Amino acid sequence: MQTEITISVSPKTATEKESIKLSLARKLNIDVNKISDVKIYKRSIDARSRNIKIHLKVIVFTKGEIANPKNYGKEYKNIKSATPIIIVGSGPAGLFAALRLMELGLKPIVLERGKNVIERRKDLAKIHKHEVNPDSNYCFGEGGAGTYSDGKLYTRSKKRGSVERILKILVEHGAIEDIMIDAHPHIGTNKLPKIIARMRENILSHGGEVHFGCRVEDFIIKGNKIDGVVDQYGNKIFGHSVILATGHSARDIFFLSKQHKIKIEAKPFALGVRIEHPQPIIDKAQYNCNVRSKYLPAASYKFVQQVNGKGVFSFCMCPGGHIVPSATAREEVVVNGMSASTRSSRYANSGMVVAIEQVDLIKYAKYGELAGLVFQQEMEKMAWEAGGKTQAAPAQRMVDFTNGKFSKTLNHCSYIPGVNSAPLHELLPSMISNQLQEGFKIFGRKMKGYFTNEANILGVESRTSSPVRIPRDGLLLSHPQINNLYPCGEGAGYAGGIVSAAIDGERCADAIKKNHSLK
Ligand SMILES: Cc1cc2nc3c(=O)[nH]c(=O)nc-3n(C[C@H](O)[C@H](O)[C@H](O)COP(=O)(O)OP(=O)(O)OC[C@H]3O[C@@H](n4cnc5c(N)ncnc54)[C@H](O)[C@@H]3O)c2cc1C
């Protein structure tokens, strides 16, 4: 017999299977020995009161019944001789498109400008020493921008596809099953590379292709149809269709599209700074305690506020994380955040950004659809100069920034390339610094301890989403002018994170199969 039930238990109880059984027996008013198995299918933290609770949604099995063992394994076909589909980019959009194509009996040929996850790691170590490889960095390389990240797996775009399906595929490739039940699942930068490598092995072992060090530099277009792409060595690669999943940092692809007169559009995005607090300040505020219990994860926060008619919001919060250098070219500084699966660093960081629309970029109007991209580039160059012309980031204490005061000293910080004090309140355009200053004061009123000079802000957080959209037909998902070209994922403007990019990859694969009735 099976009974579905919700219980609220202490954080300690939630970690002990026997204690959970006792709580369930009490709630159901039955003898604990009658419970033959327990399956938790949703877990969330309720920290609204001092007495923090973990809510568990559970199926209780009695009378000797047990939960069915989970089987996440999917059957992929051997597609070595099937119709080839080119996928440019091996981020979540590209990889999930490839796996879905295999399920549909089509052959993915994945082209990736960067290196495999192991080789890529060496280039990340070099960025920390101020050496940027434009093809292999925190944004480019196997697994895309999501590989060396926090691996947060929640998304608001639930209507476009099944989040559960994406999580199952991740588990199938080695992610822990907890991601299926946690309200805010995350994987961690230490675990993601292995999962990504298993996806690649899966593609290869079924007859698909994955090519690293293959930067697409041109499209092969005949009439109004794309037939393939050309790499940096002049090699031509032909395929039935092309899924363009190059991410928000592939500026060369936007320029290439413009050069070919392939329609692109300006898109709103957001830009600001990354803020870092000592993690205990956030724990204290969110858990109402002096010291976080060892049974609770590092606390997080989320802020959204309209300030003088503009959105100011926190972005990609990484509890127990690190700030990382995410530039994709020399002479630019870009910051972002990541954390390991344990989220155990001493710091809590998050992007704090201001929404930017076309009306804010009148000064850049001459660049047309690329106005946002040029503005973004200028801000990254400014950060490089203000930081001292290395990967060191310009930084300021939070209250000093808000009061328009230079910081004589800075707090210790997780950002390995280092920080240099700079007047970010003057260096950022007033449309950003004024909104952030107001936003910080408001967020400080919402969370005790948040508004403090113990927090540093670092510039610039500029790769929140793509400033350009590559349009596509709402139903067919192909480009309105170029047949068989499928703009996909975050770079094309259809995703904003790992899960939504993965969902979009699957959607493009489905659309190709359906639109062309491929066998
Ligand atoms: C440090 C960091 C932390 C993040 N943390 C999170 C998080 O915790 N949770 C979350 O949901 N999101 C996070 N994100 C955002 C997330 O990674 C992206 O939203 C997601 O990866 C977008 O997927 P995508 O496949 O569309 O593009 P991308 O992941 O950007 O992949 C694009 C791929 O295309 C390749 N490429 C580009 N140009 C070419 C070319 N010309 N030829 C061949 N290949 C090319 C790139 O090398 C790259 O591998 C983070 C991003 C960063 C940088």
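Structure report, in brief. (Residues numbered from 1 in each chain as written. Predicted model: local features only at pLDDT ≥ 70, side-chain atom pairs only at ≥ 80, totals over all residues. Heavy atoms only, no water.)

1. Some remarks on the overall build of the protein
Moving on, step 1. On a plain count of helices and strands, the protein comes out with 13 helices and 22 strands.
Moving on, step 2. Computed over its C-alpha atoms, the radius of gyration of the protein comes to 24 Å, within 12% of the 24 Å expected for a compact globule of 519 residues.
Moving on, step 3. In terms of principal-axis extent, the alpha carbons of the protein reach across some 75 × 65 × 40 Å.
Moving on, step 4. Classification of the 519 residues of the protein by burial places 57% in the buried group.
Moving on, step 5. In the protein, once contacts between residues fewer than 6 apart in sequence are set aside, the share between residues at least 24 apart is 71%.
Moving on, step 6. For the protein, the computed accessible surface area is about 22,400 Å², with 50% contributed by carbon and sulfur atoms.
Moving on, step 7. Positive and negative charge centroids in the protein, built from 74 and 49 side chains respectively, lie 4 Å apart. (Helix = DSSP H or I, 4+ residues; strand = E, 2+ residues; numbered from the N terminus. Rg over C-alpha atoms; globule rule 2.2 N^0.38 Å. Buried < 20%, exposed > 50% of the residue type's maximum accessible area, 1.4 Å probe, protein only. Contact = heavy atoms within 4.5 Å. Areas by Shrake-Rupley, 256 points an atom, 1.4 Å probe, with all protein chains shown as cover. Lys, Arg positive; Asp, Glu negative; His and termini not counted. Charge placed at Lys NZ, Arg CZ, Asp CG, Glu CD.)

2. What to know about helix α2 (residues 92–103)
Given 3.6 residues to a turn, an α-helix orients residues that are three or four positions apart in the same direction.
Moving on, step 1. Compared with an ideal rise of 1.5 Å per residue, which puts 12 residues at 16 Å, α2 spans 17 Å between its outermost C-alpha atoms and is within 8% of the ideal.
Moving on, step 2. The buried fraction of α2 is high, at 12 of 12 residues.
Moving on, step 3. Along α2, the residues that are buried comprise P92, A93, G94, L95, F96, A97, A98, L99, R100, L101, M102 and E103.
Moving on, step 4. Directly beyond the C-terminal end of α2, a positive phi value near 85 degrees is found at G105. (Expected span 1.5 Å × (residues − 1).)

3. Focus: the sheet that holds strand β12 (residues 269–278)
Moving on, step 1. Spatially, the 7 strands line up as an open sheet ordered β13-β14-β17-β12-β20-β18-β19, and their pairing is mixed. Two strands close off the open sheet at either side, each with one partner strand: β13 (304–307) and β19 (419–421). Ignoring which end each strand starts from, the neighbouring axes of this sheet average 30 degrees apart.
Moving on, step 2. As defined by bridge partners, β12 adjoins strand β20 (residues 456–461) across 5 bridges and the pair is classed as antiparallel. Counted as the bridge partner of V273 is G459 from β20.
Moving on, step 3. Those strands touched by helix α11 (residues 430–446) are β12, β13, β14 (310–318), β17 (347–356) and β20, and its axis lies near 130 degrees from that of β17. (Pairing = 2+ DSSP bridges. Axes fitted to C-alpha atoms, helices over the stretch in contact; angles between N-to-C directions.)

4. Some points on the site of the ligand
Moving on, step 1. Around the ligand there are 38 residues in total, and E112, A145, K152, E490 and I498 lie nearest to it.
Moving on, step 2. Interatomic distance of 2.9 Å between a backbone N/O atom of V216 and a nitrogen atom of the ligand.
Moving on, step 3. At a separation of 2.4 Å, an oxygen atom of the ligand approaches a polar side-chain atom of E490.
Moving on, step 4. Elements represented by at least two residues in the shell around the ligand include exactly α2, β16 (335–338), α12 (489–492) and α13 (498–515).
Moving on, step 5. Split by residue class, the shell around the ligand holds 17 nonpolar, 15 polar and 6 charged. (Near = heavy atom within 4 Å. Polar contact = N/O pair within 3.5 Å; in protein donor to acceptor, adjacent residues only side chain to side chain. Nonpolar A, V, L, I, M, F, W, Y, C, P; charged D, E, K, R; others polar.)

5. Some points on the sheet that holds strand β7 (residues 216–222)
Moving on, step 1. Spatial strand order, β7-β8-β9: 3 strands in an open sheet with antiparallel pairing. Only two strands of the sheet have a single neighbouring strand rather than two, namely β7 and β9 (236–238). Shown here is a sheet whose adjacent strand axes are inclined to one another by a mean of 30 degrees, direction ignored.

6. Some points on the side chain of H425
Moving on, step 1. If you trace the backbone, H425 turns up in helix α10 (residues 424–427).
Moving on, step 2. A distance of 2.9 Å separates a polar atom in the side chain of H425 from a polar atom in the side chain of Q396.

7. Describing the pattern of salt bridges
Moving on, step 1. Scanning the model with the defined rule gives 34 salt bridges in all.
Moving on, step 2. Between K310 and D360 there is a salt bridge, and its shortest N-O distance comes to 2.8 Å. Of this pair, K310 sits in strand β14 while D360 sits in the loop between β17 and α8 (371–387), and the two are 50 residues apart along the sequence.
Moving on, step 3. Via salt bridges that share partners, R100, E103, R165, E506 and D510 belong to a single interconnected network. (Salt bridge = Lys/Arg side-chain N within 4 Å of Asp/Glu carboxyl O.)

8. Description of the environment of G73
Moving on, step 1. Relative to the helices and strands, G73 is located in the loop between β3 (53–62) and β4 (84–88).
Moving on, step 2. Each C-alpha atom, one on G73 and one on I169, is 8.2 Å from the other, the two residues being 96 residues apart in sequence.

Geometry only, nothing functional implied.
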